[in-house]
Structures are given as structure tokens and as C-alpha cells.
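Chain by chain, the residues:
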Amino acid sequence: GKTSSWVGLACVCDGFSESNRDGRAVQNFVEVYLFVGVCFTVMEDVHSETKMPEEMEGGIAMDEEDVVLDEQNCEVIELNEGDGVNDQDDMDEDGGEHGEGSIDEQLDDDVEPEADDTMIDLEGHTESVFCVVASPSDNNVVASGGGDDRAIIHNLRNNKVQSQLEDFGDSISAIAFSQDGKLVAFGGMNGRIVVVDVATGKPVYEPEGPAASVEWLDFHSRGNWLVGGSSDAFVYMWNEKGENVMVFSGHATIVSCGGFSPDGRSIVTGSEDGTVRIWNPKTGECVASSAPANSEKPGVLCMDMMDNIIIVGYEDGSVRLVSLLDAAFIASLPSHAGSVESVKFAAPGLVPRICASAGMDGTLRIWDMDLSRERTALEHGAGVVACKWHQQKPELIISASVDRKVHVWDARKGEHIAVFLGNRNTILSMDIGLTGEYVVTASDDHHVRVFNLYQG
């Protein structure tokens with residue numbers, strides 16, 4: 001838990017409550033993925049017959065309101081590039097542990113940026129910060145965790161540590177807020193999970209979890225049920241009391257990403273074994289599974305869900321659209337030259353329907369889903385570790401790259417709007433605040449920084 005050197009570690013934790021955070025999440029749609037040099041042992045099949053509560057047995061449907069956007073009325077954030085906005089650790093020779101990329105720099109040491117656009121430098125961490133997630137209900141609350149074994153809830157109003165768990169026992173590898181923002185779950189590389197009351201900072205429960213690293217966490221959109229994936233190849237689900245009610249067995253290795261489906265009736269997971277699996281949360285049954293890609297590096301690294309479609313990013317650089325109904329391939333999009341670190345759907349209602357993928361080849365690619373082809377490739381100076389659509393300005397997408405920069409793009413026009421400087425080392429995680437006013441980053445330089453998107 002004391003090691004601050006990580007290759008390709010990007011925790012877009014909010015997975016799918018990030019996605020709603022982007023929920024990762026997902027993130028929204030916490031997207032969390034770790035690549036650690038540890039040998040894992042695949043355990044024997046585990047299955048719990050604990051009965052689900054009545055509300056889950058009937059299926060919990062998430063009420064979704066269609067977002068209809070008038071393209072002519074979409075506004076672009078006015079950012080004055082001339083006023084305050086400036087126009088990995090240990091990567092191996094092949095471009096990083098996730099596969100070959102085209103990164104020219106080695107970013108082992110902190111480097112002073114040309115300018116510093118930081119609005120708030122949040123205090124609290126003493127080593128690399130691996131995860132950062134903004135609250136889905138309070139614009140002033142941010143949670144972070146890092147290699148110093150600290151899980152911190154920050155308050156942006158006074159730049160104070162609102163509460164913290166100081167000795168988690170190992171590095172924090174995953175974070176997820178409940179949909180109402182009242183709870184936040186922290187997961188560690190030691191398999192420990194602690195669910196904290198955001199208002200009081202006190203632990204609510206510490207569920208029995210895996211014996212290996214927690215890769216990602218996601219709360220149900222209609223309650224405080226929690227699901228998480230581990231490097232032990234299993235997926236775990238806990239009820240609102242923290243009781244382990246189900247263990248999902250089927251993956252052969254690290255479960256790198258996943259979450260509840262948008263309607264809450266399924267659990268979807270991706271693994272470094274190359275498969276995407278759809279699970280019945282009532283029975284623990286795997287109801288559908290995609291075939292792994294025919295590749296030397298078929299691992300699934302990231303995913304996002306919208307309606308009945310899953311977008312999946314792979315270690316070999318490929319991007320695929322998969323059916324959430326039966327895990328069948330819908331379309332295969334042209335590949336990145338390096339591993340895909342983040343994939344996100346744009347807001348429903350945009351015409352044409354678009355999605356994005358961020359890769360270690362230094363590109364953020366915008367895809368036309370209906371035509372299954374690329375609309376534009378947004379070039380960065382180094383590998384792109386995270387991307388997220390702006391919810392209030394849905395034509396905008398924010399990206400973070402290995403060269404320490406945060407970028408703002410107009411995805412429909414393919415235009416670069418602004419770049420924010422301030423990080424001294426590799427950005428490992430990124431999120432956007434509730435109201436869309438700020439972006440927050442976690443970095444290998446031990447800092448959590450807040451940048452004002454409306455600056456200037």
C-alpha cells in the first residue's frame with residue numbers, strides 16, 4: 001500500500017454510478033482498473049443461495065427520463081483561452097503495461113507546469129492519489145483515495161478534509177457514491193471495503209469482501225445495494241446492511257470493470273479474460289457471455305452502458321458495441337494503436353448518437369454509433385487515461401492525459417476549446433462536479449486538484 005509507482009493505473013471510479021456519476025459511473029460510472037504485478041489464484045466455484053429481498057425479486061426498474069436536445073440550442077462553454085487557461089509512471093519501452101502505445105515521454109518525476117490553473121488544491125494525501133469521485137448530490141463534496149492508505153472526503157467550501165480513514169491497510173483502489181450521495185464506499189488493494197456516512201464521516205458497515213484487490217464498486221441506482229469486482233476473478237454483492245448475499249463465479253481472472261445495468265435488473269462485468277458477462281442478481285446465474293476477442297491481449301479494461309448497449313474497451317486497442325440483452329456483438333469499431341483506458345456514451349437524445357474512447361495511443365476518438373465509424377480523432381500529446389462527457393453541455397467532453405493536462409473538446413465540431421495545467425505528474429483519475437462547473441483530478445504528484453471549467 002506504500003508503493004507510489006503504478007503503470008496505467010486510472011481509476012475513473014464512479015463506473016456506472018459515475019456515469020450518472022459518467023455515474024464510473026461508471027464512474028458513472030466510477031471506470032476502475034488496476035494492473036498490479038501480483039499472481040492471483042482462481043478459486044473454486046462459489047455460489048450463495050441467500051434469498052434476495054422482495055424488491056429485488058420483482059426487479060428494480062430505474063426511471064429514466066429521455067433527454068431530448070435541440071442541436072441548434074446546444075451552447076458551448078465560453079472559455080477565454082488567453083485568460084487563465086493555457087493553450088506513469090514507469091512506462092516500459094513498449095508504451096506501458098496495457099500494451100503498446102505511442103507515448104514519447106517518461107513521466108517518473110514531478111515537473112513544474114508552464115502555468116498553474118488550479119482553483120483548489122485539496123489537502124490530505126502524502127502519496128500518489130489513485131481515485132477521485134465527485135458527489136452526485138453535493139457540488140462541494142469529493143472523495144479520494146491513494147497509496148498512502150487514506151480514504152478522504154473533501155469539502156470544497158473550505159478546502160478542508162471533512163473526514164478520513166487514515167489507515168486502510170493498503171492503497172485505495174476503488175470509490176463509489178450511492179445515488180443519493182449519502183454513502184460512499186471505499187475499496188482497497190487488500191480486499192477491504194468500508195461504507196461511510198458522508199455527513200458524519202463514520203463507517204456504516206464494513207462488508208465481508210474478497211481476499212484480493214477491489215477493482216471497482218457500484219451502488220444500485222434505486223437503493224444502497226453494492227456490487228464490486230475483484231482481482232480474484234469473482235464479483236460480490238452486498239445488501240444495504242452490508243451482508244454478502246451473492247458471489248458471482250465465471251470469470252477466469254481479474255474482473256476489471258462492471259456495474260448494475262441502467263434498469264437495475266442485471267449486473268454486467270468485464271474481465272481480463274476477454275469476456276463480458278451478464279448476471280441475474282437474484283440467482284447468481286450468468287445469463288449471457290460474449291466470446292473473447294481473437295487477440296494476444298484480449299482483456300476487457302473498461303465499459304459503459306446506455307439503454308440496451310454496452311461499449312467495451314480492450315487491452316488490444318479494440319472498441320466494441322455489445323448487446324446488454326444477450327452479450328452479442330453489435331459492431332466493432334476501428335482499433336486504437338494502444339490499450340483503451342476509458343469509454344463513454346454521450347447523453348441520450350444527441351443526434352447522431354455518439355460515444356467516445358480514450359487510448360494510450362494519445363487519441364480520444366468520437367464514434368458515430370449508427371454508422372459504426374469514426375467522426376473525429378482528438379489528438380493529445382500522450383496517452384489518454386480518462387474521458388467524461390459534460391452533463392450540462394452534452395456536446396463537450398473532458399479528457400485527462402499522461403502528460404498531466406486536462407483538455408476540453410467540442411466533440412461534434414472536433415474542436416479543442418481549452419487546456420488546464422497544474423498537475424506535476426501523471427493524472428490517474430478524473431471526474432466532473434455535479435453542476436459541471438469544475439473538473440477534479442487525482443495525480444501521481446500526491447495532489448487532488450480542482451479546475452474551474454468556467455474560468456475566464
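Cut-off values and rules
- Residues numbered from 1 in each chain as written.
- Predicted model: local features only at pLDDT ≥ 70, side-chain atom pairs only at ≥ 80, totals over all residues.
- Heavy atoms only, no water.
- Helix = DSSP H or I, 4+ residues; strand = E, 2+ residues; numbered from the N terminus.
- Buried < 20%, exposed > 50% of the residue type's maximum accessible area, 1.4 Å probe, protein only.
- Areas by Shrake-Rupley, 256 points an atom, 1.4 Å probe, with all protein chains shown as cover.
- Disulfide = S-S within 2.5 Å.
- Pairing = 2+ DSSP bridges.
- Axes fitted to C-alpha atoms, helices over the stretch in contact; angles between N-to-C directions.
- Salt bridge = Lys/Arg side-chain N within 4 Å of Asp/Glu carboxyl O.
- Contact = heavy atoms within 4.5 Å.
- Phe/Tyr/Trp six-rings, centres within 6.5 Å; stacked < 30°, edge-to-face > 60°.
- Lys NZ or Arg CZ within 6 Å of the ring centre and 35° of its normal.
- pLDDT = per-residue confidence, 0-100.
- Core = buried A, V, L, I, M, F, W, Y, C linked by side-chain atoms within 4.5 Å.

Some thoughts on the overall build of the protein
Okay, so step 1: Counting secondary structure elements, the protein contains 1 helix and 34 strands.
Okay, so step 2: Looking at the protein as a whole, 62% of its 456 residues are labelled buried.
Okay, so step 3: Surface summary for the protein: the accessible area is close to 16600 Å², and the carbon and sulfur share equals 43%.

Things to note about the state of the cysteines
Okay, so step 1: Going through the model one piece at a time under the given rule, you end up with 0 disulfides.
Okay, so step 2: No disulfide involves C302; its sulfur sits 6.5 Å from that of C257, the nearest cysteine.

Describing the sheet that holds strand 12 (residues 214–219)
Consider a sheet: its strands pair through backbone hydrogen bonds, and that pairing is either parallel or antiparallel.
Okay, so step 1: Taken together, the 4 strands give an open sheet; going across it, the order is 12-13-14-15, and neighbouring strands pair in antiparallel fashion. The open sheet has two edge strands with one neighbour each: strand 12 and strand 15 (244–248). Ignoring which end each strand starts from, the neighbouring axes of this sheet average 20 degrees apart.
Okay, so step 2: Pairing analysis gives 4 bridges linking strand 14 (residues 235–238) to strand 15, with the strands arranged antiparallel. The residue bridging M237 from the neighbouring strand is M246, located in strand 15.

Quick look at the pattern of salt bridges
Okay, so step 1: Taken as a whole, this structure holds 9 salt bridges when the rule is applied.
Okay, so step 2: Note that D116 is salt-bridged to R424, the shortest N-O span being 3.0 Å. One end of the pair, D116, is in the loop between helix 1 (54–57) and strand 3 (118–122); the other, R424, is in the loop between strand 31 (415–420) and strand 32 (427–432), and 308 residues separate them in sequence.
Okay, so step 3: Residue class for D116 comes out partly exposed when judged on its relative accessible area of 41%.
Okay, so step 4: For the salt bridge of D445 with R449, the shortest nitrogen-to-oxygen distance reads 2.6 Å. Accessibility assignment for this pair places D445 and R449 in one class, buried.

Details of the sheet that holds strand 29 (residues 396–401)
Okay, so step 1: Across the sheet, which stays open at both edges, the 4 strands sit in the order 28-29-30-31 with antiparallel pairing between neighbours. Both edges of this open sheet fall to strand 28 (384–389) and strand 31, since each of them pairs with a single strand only. Geometrically, the sheet is characterised by an average inter-axis angle of 20 degrees between neighbouring strands, direction not taken into account.
Okay, so step 2: Both strand 29 and strand 30 (residues 406–410) contribute to a ladder of 5 bridges, which runs antiparallel. Directly across from L396, in strand 30, lies its bridge partner D410.

Observations regarding the pairing of strand 24 (residues 340–345)
Okay, so step 1: In terms of burial, strand 24 is largely enclosed, as 6 of its 6 residues are buried.
Okay, so step 2: Bridge count for strand 24 against strand 25 (residues 354–359) is 5 bridges, and the pairing is antiparallel. Bridge pairing links V340 to G359 in strand 25.

A look at the environment of T435
Okay, so step 1: Within the secondary structure, T435 sits in the loop between strand 32 and strand 33 (438–443).
Okay, so step 2: Sequence separation between T435 and S137 is 298 residues; the distance between their C-alpha atoms is 9.5 Å.
Okay, so step 3: Ignoring any residue separated from it by four or fewer positions in sequence, one finds T435 in contact with N139 and Q392.

Here we look at the packing of aromatic side chains
Within a pair of aromatic rings, the relevant descriptors are the distance that separates the centres and the angle that separates the planes.
Okay, so step 1: Counted according to the given criterion, the structure contains 3 aromatic pairs.
Okay, so step 2: Seen in terms of ring centroids, Y236 and W238 are 6.1 Å apart; in terms of plane orientation they differ by 15 degrees. Their pairing is stacked. Per residue, the accessibility class of Y236 equals that of W238, and both read buried.
Okay, so step 3: Just above the ring of F168 sits the side chain of R192; from NZ or CZ to the centre is 4.8 Å.
Okay, so step 4: Against the face of F329 rests R320, its NZ or CZ located 5.4 Å from the ring centre.

Digging into the confidence of the model for the protein
Okay, so step 1: Of all residues in the protein, 76% attain a pLDDT of 70 or more, and the chain-wide mean is 81.
Okay, so step 2: Of the regions scoring below 50 in pLDDT, residues 1–106 engages in 363 contacts with residues more than four places distant in sequence or in other chains.

Brief notes about the environment of G274
Okay, so step 1: Structurally, the position occupied by G274 is in the loop between strand 17 (267–271) and strand 18 (276–279).
Okay, so step 2: Take G274: its relative accessible area is 0%, and that puts it in the buried class.
Okay, so step 3: Once you skip the residues sitting within four places of it in the chain, G274 turns out to touch S290, A291, P292, A293, P298, G299, V300 and Y314.

Overview of the nonpolar core
Okay, so step 1: In terms of nonpolar packing, the biggest core is built from 19 residues, with I398, V406, V408, F420 and V439 touching the most fellow members.
Okay, so step 2: Elements with a contribution of two residues or more to this core: strand 28, strand 29, strand 30, strand 31 and strand 32.
Okay, so step 3: Once residues within four sequence positions are removed from consideration, V439 is found in contact with I398, V406, M430, D431, I432, R449, V450, F451 and L453.

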